[in-house]
Amino acid sequence: MRGDALTQALQDSLGKYGLKATRLAAGADNSVQVQLDKAPFGAVAGWLQDVRQQQRLKVTDARIVYVGATALVNVSATLQVRAAAVDGAPGVAAAAPTQAAPPRRLAPRRLAAARRGRGR
């Protein structure tokens, strides 16, 4: 996804969270600069999560500043299309499956020492 299609998709996704960009500009390197003024922090956090997961964009730079003592923030961010999303179908890239590392097992002597509090 590039250029106008990318900015339109971002405008649509912003709308789902009740947000409106003050500035939305596509860059030459498959990036988009987004600026939001006085936006609810919770909506911004949800939108950024959605953009990362659904549109396969990564946040390469972000600045979030609270406006006074409110839950409103000013946001300036640069989002970039992940390589898999550029090469594959727009906005649809298969995520690599993640697998938790198996629990580390201690040798019986070390386990007994750890239980006694010796740690070695």
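Our structure is the block above this text.
My aim in this report is to walk through the structure given alongside it, one point at a time. No experiment lies behind these values; they were computed from the predicted model shown. Positions within a chain are numbered from 1, following the residues in the order the chain's sequence is written. In keeping with the model being predicted, local features are shown solely for residues with a pLDDT of at least 70 and side-chain atom pairs are shown and tallied solely at 80 or more, while totals for entire chains, interfaces and linings include all residues. To obtain the side-chain values, all non-hydrogen atoms of the structure were used and water was disregarded.

1. A few points about the overall build of the protein chain
Strands are runs of DSSP state E lasting at least 2 residues, helices are runs of H or I lasting at least 4, and numbering of each runs from the N terminus. Across its full length, the protein chain carries four helices and four strands. Looking at the protein chain as a whole, 27% of its 120 residues are labelled buried. Across the protein chain, every contact between residues at least 6 apart in sequence was considered, and the portion connecting residues at least 24 apart equals 54%. The method behind every accessible area is Shrake-Rupley, applied with a 1.4 Å probe, and residues are considered shielded solely by the protein chains displayed. Accessible area for the protein chain stands at about 8300 Å²; split by element, carbon and sulfur atoms hold 50% of it. Here the term buried applies to any residue with accessible area under 20% of the maximum for its type, exposed to any over 50%, and partly exposed to those in between, with areas from a 1.4 Å probe on protein chains only. Should any heavy atoms of two residues lie within 4.5 Å, those residues are considered in contact.

2. Concerning the packing of helix 1 (residues 3–16) against helix 2 (residues 41–54)
Inter-axis angles, ranging from 0 to 180 degrees, are taken between N-to-C directions of lines fitted to C-alpha atoms, where helices are fitted over the stretch in contact. Where helix 1 contacts helix 2, the axes come no closer than 10 Å and their chain directions differ by 140°. The orientation of helix 1 with respect to helix 2, classified from their angle, is oblique. Relative to helix 2, the crossing made by helix 1 is right-handed. Side by side, helix 1 and helix 2 meet where L10, S13, L14 and K16 of the first sit next to W47, D50 and V51 of the second. As a working rule, the residues Ala, Val, Leu, Ile, Met, Phe, Trp, Tyr, Cys and Pro are called nonpolar, Asp, Glu, Lys and Arg charged, and the rest polar, with Gly in that last group. Looking at the contact of helix 1 with helix 2 residue by residue, the class counts come to four nonpolar, one polar and two charged. Throughout, the term roughly parallel applies to angles under 35 degrees, roughly antiparallel to angles over 145, roughly perpendicular to angles from 65 to 115, and oblique to all others. If you view the pair so one helix is near and one far, a crossing is left-handed when the near helix is turned anticlockwise from the far one by less than a right angle, and right-handed when it is turned clockwise.

3. Focus: the environment of L14
Position of L14 among the secondary structure elements: in helix 1. Taking the C-alpha atoms as reference, L14 lies 9.9 Å from G46; in sequence the two are 32 residues apart. With sequence-adjacent residues up to four places away left out, L14 is seen in contact with L19, A21, L36 and W47.

4. Let's talk about the nonpolar core
Core analysis: the largest hydrophobic core is formed by 19 residues, its most contacted members being L10, L19, L36, V44, W47, L57 and L79. Ignoring any residue separated from it by four or fewer positions in sequence, one finds L19 in contact with L14, L36, A39, P40, A43, V44 and W47. Here, nonpolar core refers to any group of buried Ala, Val, Leu, Ile, Met, Phe, Trp, Tyr and Cys residues whose side-chain atoms link them within 4.5 Å.

5. Some remarks on the sheet that holds strand 2 (residues 31–40)
Note on pairing: two strands pair once DSSP finds at least 2 bridges between them. Sheet architecture is open: four strands sit in the order 1-2-4-3, paired in antiparallel fashion. Of all strands in the sheet, those with a lone pairing partner are strand 1 (23–26) and strand 3 (57–66), marking the two edges. Each strand of the sheet is rotated relative to its neighbour by a mean of 15°, with strand direction disregarded. With nine bridges connecting them, strand 3 and strand 4 (residues 72–81) associate as antiparallel partners. Bridging from a neighbouring strand, Y66 pairs with V73 of strand 4. Along the sheet, helix 1 contacts strand 1, strand 2, strand 3 and strand 4; its crossing angle with strand 1, the most-contacted strand, is approximately 155°. Here helix 2 sits on the sheet in contact with strand 2, strand 3 and strand 4, set at roughly 155° to strand 2.

6. Comments concerning helix 1
A helix's residues, less one, multiplied by 1.5 Å, set its expected span. Over its 14 residues, helix 1 extends 20 Å from the first C-alpha to the last, a length consistent with the 20 Å expected when each residue adds 1.5 Å. One or two residues past the end of helix 1 sits G18, with phi positive at roughly 70°.

7. A word on the pairing of strand 1
Pairing between strand 1 and strand 2: four bridges, direction antiparallel. Within strand 2, the position partnered with R23 by the bridge is Q35. The turn linking strand 1 back onto strand 2 is made up of four residues, and N30 within it adopts a positive phi angle of 60°.

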